[in-house]
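Overview (structure and organization)
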Amino acid sequence: MPERTVRHPKVRVLIPTGLGLNCEIETAEGFRLVGAKPDCVPLLDILNRRIERRLLDYHILAFVGGFAFGDHLGAGFVYANKIRWKIYDRILEFIEAGGLIIGICNGFQMMVRLGMLPGFDGDYRTPSVALAPNDRLGYRDAWIQLVADDKSPCLWTRGLHKIELPARHGEGKFVAGSQDILQKLEENHQIPLRYADDLGQPTQVWPNNPNGSAAAVAGICDPTGRVFGLMPHPDAYLYPFQHPQWSRRRYSGESAVEEGGLSIFRNGVAAVSDRLTSATPATPVSSSHGVD
Amino acid sequence: MIHRIEIATKPGIREARGEHVAAQIRRYLELPVKRVRTRDVYLIEEVDPLAQAISSSELQRIVQHFSDPVLQIGAIDRIVDAVSEVVVAVGYRPGVADTVGKSAKVAIEDLLDRPLTNAVQIYTSRLYLIDGLSTEQAQRAARDLLANPVIQTIQVSSYPDWLEREPERAVPRVLLGDTPLTVQIDLSGSTEDLLEISRQSLLALSLVEMETIRDHFSGSGRDPRRTALGLSTLPTEVELQCLAQTWSEHCKHKIFNAEITYREEGGAPEVIDSLFDTYIRGTTEDIDRNLAANEGGSWLVSVFHDNAGVVEFDDQVHLVYKVETHNSPSALDPYGGAMTGIVGVNRDPFGTGRGADLLINVWGYCLASPFYKGILPRGLLHPRRIRDGVHQGVIDGGNQSGIPYGRGWEIFDDRYLGKPLVFCGTVGVLPTMIGDSPGEVKQSNPGDLVVMVGGRIGADGIHGATFSSAALDESSPTQAVQIGDPITQKMMFDFLIAARDRNLYSSITDNGAGGLSSSVGEMATQTGGARIDLSKAPLKYSGLAPWEIFLSEAQERMTLAVPPDQADELLALAARYDVEATVLGRFTDDGFLHVTWADENIAHLDMEFLHSGNPKLCLEARWRRQCFSEPAARPEDCQETLLALLSRPNISSGEAKARHYDHEVKGLTVIKPYSGVHNDVPAEATVFLARHGSKRGIVLSEGVNPFLSELDPFAMAATAVDEAVRRQLCAGAGLDRIAALDNFCWPDPVLSHDTPDGDFKLGQLVRACRGLQEVCRSYSVPLISGKDSMKNESILEGRKIAVLPTLLVSAIGQIDDVRTALTLDFKMPGDMIYILGETGDHTGGSEFFRYLGERDGRHGELGKSSPYLGSKPPTVDCDRTLPLYRALRGAIRAGYVRSASTPTKGGLALALVRSALAGGLGASVDLAAIAAANDLDSDVTLFSESNGRFVVSVSAQESRLFEDCMQPAPMYPVGQVDPGTKLTIHRDGRQLVSLELELLRTQFKRGLADA
């Protein structure tokens, strides 16, 4: 287990739970291992304003994986609908105040339904991309390789080049509403992670690209780099012995040099921590005019 | 008022669902379909004319939001822009759970920002717009692929006809007439009358049982405590139904508890008073006593009296494990039945002690071949549909519950056409302490409230317990089918964990078979009675008779005993989690299960009679060894045999299906179900953490080989235990803490007119129990829980198709540090390969012989044995195996062993292939020493299925240390791991096998790829 824990005692993470979500334990553990303080709180308590702390008292909001409402009517649909009509204004305030958001799998699907991503020009309300059913229909759990865009503003993938994680979903095929949108995402480097082949090149070929995602998109971020969603699960790779080949690596000497999914949590927490320790106030959102 | 909405994929967007359906129609039905597109239909019914109506602008908003702006289009009534040739509409029958409709209602409530309560009902259905098929062909596609008439309705029309008609608005509303509250059942008639009542009311009670009930009431009916309630010497319908379900084979295990007169091979008759007490409980109690006498003491925490077995793990949690079967419902509705199987067994660990956190699911299916081409029993589905449906049900049930699977396997034999066997299990962790009392303690007290939590009660799943206790035929009741709703259950568990951790209830059990009658009846035994008012029970719709409410197996419900001073907090917490919780009554100590409907008394059952009044069965059993012929001639070419075996469904990789199950949610999976360089070889056993922050692990494995039961069920049982234990060792588990579960699935073992060989089948059961006992006792593997299912057969053209007598042994072991876990893949070139244990001629029932039987075209008649079963099943000589296992455990603990696999089906050859494929490394092996030591032919050496063996690899530097450690156990250094990609096997310099890994891999993955 990694012992290189850096303490960021002030970094607080809110993890909404319940309603069919199910990756809260490992996501919380991921944040804990990099020194943050995660709170798992039932989403119903947040929606019904039964929490002690305000959303703005947290630095990071993590939407975990799972099957909120069974993904009935499409993955993340009922979930996004609940957020949209009950607390979205508060989440937009949170973004505007400089908060970080990560959405993994079901969380990412929900964010895309809301229009929280891609967040072009500060517009976090207009859905313009989607995560459709996989080309090869059905849920599938298999490890895939990802290649990072080092020019991306994404705070969560800083310093990453390649990473292996499990993809575990039935609806992860990235579809852009138009060619222009895809082009804009590419130009803005808002595609921090793509599915890659054995040579580290983005690929459209199954199973390396597990769902047929356009441009091999595995995750996208907003223009500020603070809001990030991805289909694969960094929360499933917290220890070297979660890698499918760990028991071979003991003998081959290629010990797990990368720290797996933890690096993503560490990046997010470090970004908050840097801001907290530096005297300067939070960087304002690039443009908040589009937020109604 | 009924509103109709259609949602479709936008033109120009690829529709994976339609493409998938089209591919299946082409592949499975061989129909010339060109294209399939699908639409989702929502019917929104406003039931209450007084409630606020949904306005047209609101309806517009609903359509707009229901269709994803990037992917979909939607319309009120119908979308008219697409043309097709045929339209197939598939909806649900009344009363079938519509979970999507339920979620749609939540979405509309959020959107309109007002609760819709029961004033609005939402029903979903699906349209298939098909090109390339005639309406007749589309009918066939609908019946054989798209819909299951047991739970769904089908309408097929040509597109022009469909377009011409008004959009369909018929909703599958449940309409039930008024039912009288209490009916008394007259049992004073003749023998025939009693049996007719049992048949008519689906009681599945025998004549003796009916007479016992009649006599009980004619006596106790005069008890003033009964007459004062206005009840008589006749049982009420509620009482009779409650007794029937409590006394059902499913709940009471009458066969396992029967007095059996057993004769073996013409020997003297022996009387066995309860197979369960003698061989299952007896075995475990012996082991428990021995453990208690040793240093360290017993690690058994709670066995046999709760919903699952409990063993010690560490200072914070115990392990809880239960495996169930859900066979009959899966035969009728594979998807719903199997889903109910997995989400149902989840409630067992949660209903154990005061509630375990659910950690890992397991599944295993015994099915007829998906490639089966013969005739089917009427009313049953093709095995491929059963397989696809069962998988999808457990996939959705497990994935949506957020529980990874740890083990999954399939066995194929056409005798499972009679009934598919669907094993589902769940491992949980129970806090050692909850509040200030041990987590395994559940104690309801008189005065505690009876609280039902979770889903509402409907007509679904009435008579499940009695139905599963009978053979399937065309008239099997469809109301016995339930469809699980994992999300409702997940939300219930989230609430229950919060309630458990606040210590808000004193006891908990699940509502499974028998519903409330079973859960309340069972919990009431602790206090000595209960009084409940069924009129308080929350219903999905009105019109259910009280006995139906009492017996309904509607899913996702648990029953709690709640101390009165904690009731308010519990109910408030439930509301906070949006979970329904209802007080139905109180536990009492007056000795009666007293049921009312408001003020009317509808049942007053003596607890003693309810739980212990059923007459003991007395049965006859006999067993004689059967011998089958061996292949007349065996092929010279071992290589050809090996390649043929690799692609047989019973050996081939099941990865294609297994990948659809999540195996790593919760982040605790260490050795995954499929391993190796390409993650495509099934692991010998899997390893999981129990929680984050600890390194201690759980090891899961199983043994199952029903093909041996025809030769000798003793060998089947002994082999199953041995295989499960060997797999544990292969993953690095200690030998000292392995516990097992037994699941027996048998054809009817009761001698009767319909079952003239019932006594033989019962004899097989006795033999299996004895084999199980012998090996469990020797290995000190306690049986901590189990289940039996006894009527696994169906009638085909007047002939019985009975399943193979099948015993599944599921093992749960422990490993001190998961980082010492072991896998089966060869690790490094140059490593030495050893075969441990003795190889003998154990070809009886082997995959090798069954392959030769099929190759020679000597198919057994359906329902009969394979012709080449042989006569020599594997045995287990524990005096020889146990010292070997202890030595191997020592070598593994010392770190000398780099890989370990164990020969099972397909023998040594398959174990070598699996380790080579998993390692992506070749190997050179010479069998001379083994074949010579045991005087065996080469093919027998390679493919015999002897127990007690391992294939391990060890680094050359440590080989001496390893050998010293293993002495004097039988050990054969046979070769080494190669840097290349070729597996070669020699004997005395003669080459038997020389094959590239790539070809081996292709064969290994081919068998089930197109299934």
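These figures come from a predicted structure and were not determined experimentally.

Per the secondary structure count, chain B includes 31 helices and 41 strands. Over its C-alpha atoms chain B spans a radius of gyration of 29 Å, differing by no more than 12% from the 30 Å that the globule rule assigns to 1011 residues. With respect to the principal axes defined by its C-alpha atoms, chain B has extents near 90 × 75 × 60 Å. Taking as baseline every contact in chain B between residues at least 6 positions apart, the subset at least 24 positions apart corresponds to 81%.

With that settled, the discussion passes to the overall build of chain A. Along its length, chain A carries eight helices and eleven strands. The C-alpha radius of gyration of chain A comes to 18 Å, within 12% of the 19 Å expected for a compact globule of 292 residues. By its C-alpha atoms, chain A is 50 × 45 × 35 Å across when sized along the principal axes. Across the 292 residues in chain A, those meeting the buried criterion constitute 60%. Pairs at least 24 residues apart make up 77% of the contacts formed inside chain A by residues separated by at least 6 positions.

Once that is clear, we can look at the sheet that holds strand β7 (residues 259-264) of chain B. Residue and element names in this part refer to chain B. In spatial order, the strands read β8-β7-β24; together these three strands make up an open sheet with mixed pairing. Edge positions in the sheet fall to β8 (270-273) and β24 (618-623), since each has one partner strand and no second. For this sheet the average axis-to-axis angle between neighbouring strands, irrespective of direction, equals 25°. The strands that helix α24 (residues 758-779) touches are β7, β8 and β24; relative to β24, the one it contacts most, it runs at about 80°.

Here we come to the interface of chain A and chain B. Between chain A and chain B, the residue contacts involve 49 residues of the former and 55 residues of the latter. Elements with a minimum of two residues in the side of chain A that touches chain B: α1 (24-33), α3 (77-86), β5 (129-132), β6 (140-148), β7 (162-169) and α7 (246-252) of chain A. Looking at which element gives the most residues to the side of chain A that touches chain B, the answer is α3(A), with five residues. Residue composition of the side of chain A that touches chain B, by class: 26 nonpolar, 14 polar and nine charged.

The subject of this paragraph is the sheet that holds strand β19 (residues 530-533) of chain B. All names here are of chain B. With mixed pairing, the seven strands of this open sheet are ordered in space as β18-β20-β17-β21-β19-β22-β23. The open sheet has two free edges, formed respectively by β18 (507-510) and β23 (600-606), since each of these has just one partner strand. Put simply, the sheet's adjacent strands are angled 25° from each other on average, direction ignored. With four bridges joining them, β19 and strand β22 (residues 592-597) adopt parallel strand pairing.

Moving on, we come to the nonpolar core. Ranked by internal contacts, the top residues of the largest apolar core, which has 400 residues, are L146(A), V88(B), V721(B), A740(B), L912(B) and L983(B). With twelve residues, the top contributor of residues to this core is helix α23 (residues 713-731) of chain B. When sequence neighbours within four positions are dropped, the list of residues in contact with L983(B) reads L912(B), V913(B), A916(B), G922(B), A923(B), V993(B), L995(B), L997(B) and L1000(B).

Below, the discussion takes up the environment of F276(B). Residue and element names in this part refer to chain B. Topologically, F276 is positioned in helix α11 (residues 275-293). Here the alpha-carbon distance between F276 and C769, two residues 493 residues apart in the chain, equals 8.7 Å. Every residue in contact with F276, bar those within four places of it in the chain, is listed here: H253, F256, N257 and R281.

Right, let's talk about the environment of T227(B) for a bit. Following the sequence through the fold, T227(B) ends up in helix α8 (residues 224-227). With 392 residues separating them along the chain, T227(B) and L619(B) place their C-alpha atoms 38 Å apart.

The rules behind the values
Residues numbered from 1 in each chain as written. Chains lettered and ligands numbered in written order. Predicted model: local features only at pLDDT ≥ 70, side-chain atom pairs only at ≥ 80, totals over all residues. Helix = DSSP H or I, 4+ residues; strand = E, 2+ residues; numbered from the N terminus. Rg over C-alpha atoms; globule rule 2.2 N^0.38 Å. Contact = placed C-beta atoms within 7 Å. Buried ≥ 20, exposed ≤ 12 C-beta atoms within 10 Å, placed from the backbone. Pairing = 2+ DSSP bridges. Axes fitted to C-alpha atoms, helices over the stretch in contact; angles between N-to-C directions. Nonpolar A, V, L, I, M, F, W, Y, C, P; charged D, E, K, R; others polar. Core = buried A, V, L, I, M, F, W, Y, C linked by C-beta atoms within 7 Å.

Keep in mind these numbers describe shape, not what the thing actually does.
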